[in-house]
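Results of the structural survey
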Amino acid sequence: MSENTEAKKVTTHTLQMMKTSGEKITMLTAYDYSFAKLIDSAGIDVILVGDSASNVMAGHETTLPITLDQMIYHASSVIRGISRCLVVVDLPFGSYQSNSDIALASAIRIMKESGGHSIKLEGGEEVLDSIKKIVSAGIPVMGHLGLTPQSIYKFGTYTVRAKETDEANKLRKDAKLLEEAGCFAIVLEKIPAVLAKEVSKSISIPTIGIGAGGDCDGQVLVMHDMLGINTEFKPRFLRQYLNIHDQATKAVQQYIQDVKSNDFPNVHEQY
Ligand code: KIV
């Protein structure tokens, strides 16, 4: 697809209209200028500067170590690369859980220092006050229910959430609460497809699924997983569209061979 810089900017209102008209919303993660530029030009609706940067950019085992300063660094790089899509920035672990004043202060730092368009945070009823306060300050908030990786040490595993009745009922209730609190969309991560379908129908704001089946209003994947930059992570829900890992490995090996054998640079590649 050709450069798409003339196209109309995507806003939270656009996403709402897409849900109403039945057009699926596309979201991918990005953490730097160059990939953000590529993904935006390709026509994506939303870029998520996810705290998955902690895993795929910094090599941590979980999303917990990444800091607010680091998220702001990634988000400001992404913002310089895009011209059309909506950019959502994760509030990292520890930047909003303690109280709603701290949550608002963190959200304001993201908006002021990175230029991001909105924030995302994980959880339901327990973070409702923070969501309300951030929304009241004019900052659009995306919720995140189901598997919430910042709570991995509470869950113990990354398996499918809300399979049992109690947890499914809590998720149904949380989705309604998030809608009432003013969230513009909700990520549903790794929950049964039938539950995601039911929740998507029961609320008026868009749901964006990851491992939550095809009846969410949109889909999100981690860019490094779908492009095959990381190839170790292969959950059932992932469709890998490329194998950059193998292609880049071959390219690097060819470069090494060319330098060692005095093939590179040749006479046309020098001054
Ligand atoms: O951080 C992230 O990449 C996310 C997505 C998995 C939704 O939160």
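Please read these numbers as outputs of a predicted model, since none were measured by experiment.

**Digging into the side chain of K190**
Here K190 lies in the loop between strand 6 (185–189) and helix 9 (193–202). In contact with K190, other than residues within four places in its own chain, are L147, Y158, T159, V160, R161, I210, G211 and F237.

**A few points about the site of the ligand**
The ligand sits among T29, L48, G50, D51, S52, D90, K120, H144, V187, E189, I210 and V222. Between an oxygen atom of the ligand and a side-chain N or O atom of S52, the distance comes to 2.5 Å. Here K120 contributes a side-chain N or O atom positioned 2.9 Å from an oxygen atom of the ligand. Here the ligand has 260 Å² of accessible area as a free molecule, and 95% of this is covered by the chains. Counting atoms within 2 Å of the grid points, the majority share of the ligand lands in the largest pocket. Class assignment of the residues belonging to the shell around the ligand gives a composition of four nonpolar, four polar and four charged.

**Describing the environment of I205**
Secondary-structure assignment places I205 in the loop between helix 9 and strand 7 (207–210). By relative accessible area, which is 7% here, I205 ends up buried. If we skip the residues at most four places from it in the chain, I205 touches Q16, K19, E179, C183, F184, A185, I186 and D217.

**Looking at the state of the cysteines**
In the structure shown here, the tally under the stated rule is zero disulfides. Left without a disulfide partner, C183 is nearest to the cysteine sulfur of C216, which lies 15 Å away.

**Some words on the domain arrangement of the protein**
Here the protein is partitioned into domain 1 (3–240) and domain 2 (245–271). Its C-alpha centre places domain 1 at a distance of 39 Å from the equivalent point of domain 2.

**Structural notes on the packing of helix 6 (residues 128–136) against helix 8 (residues 165–181)**
For any two helices packed against each other, one specifies the crossing angle of their axes together with the interaxial distance. Viewed as axis vectors pointing N to C, helix 6 and helix 8 meet at an angle of 25 degrees, and their least axial separation amounts to 9 Å. With respect to helix 8, the element helix 6 is oriented roughly parallel. Pair helix 6 / helix 8 crosses with right-handed handedness. Here L128, I131, K132 and V135 of helix 6 lie close against helix 8, whose contacting residues are L177, L178 and A181.

Rules used throughout
- Residues numbered from 1 in each chain as written.
- Predicted model: local features only at pLDDT ≥ 70, side-chain atom pairs only at ≥ 80, totals over all residues.
- Heavy atoms only, no water.
- Helix = DSSP H or I, 4+ residues; strand = E, 2+ residues; numbered from the N terminus.
- Contact = heavy atoms within 4.5 Å.
- Near = heavy atom within 4 Å.
- Polar contact = N/O pair within 3.5 Å; in protein donor to acceptor, adjacent residues only side chain to side chain.
- Areas by Shrake-Rupley, 256 points an atom, 1.4 Å probe, with all protein chains shown as cover.
- 1 Å grid on protein atoms, 1.4 Å probe; cavity = no way out; pocket = protein on both sides within 12 Å on 5 of 7 lines; lining within 4 Å.
- Sits in = over half its atoms within 2 Å of the grid points.
- Nonpolar A, V, L, I, M, F, W, Y, C, P; charged D, E, K, R; others polar.
- Buried < 20%, exposed > 50% of the residue type's maximum accessible area, 1.4 Å probe, protein only.
- Disulfide = S-S within 2.5 Å.
- Domains from an automatic or database assignment.
- Axes fitted to C-alpha atoms, helices over the stretch in contact; angles between N-to-C directions.
- Parallel < 35°, antiparallel > 145°, perpendicular 65-115°, else oblique.
- Left-handed = near helix turned anticlockwise from the far one by under 90°.

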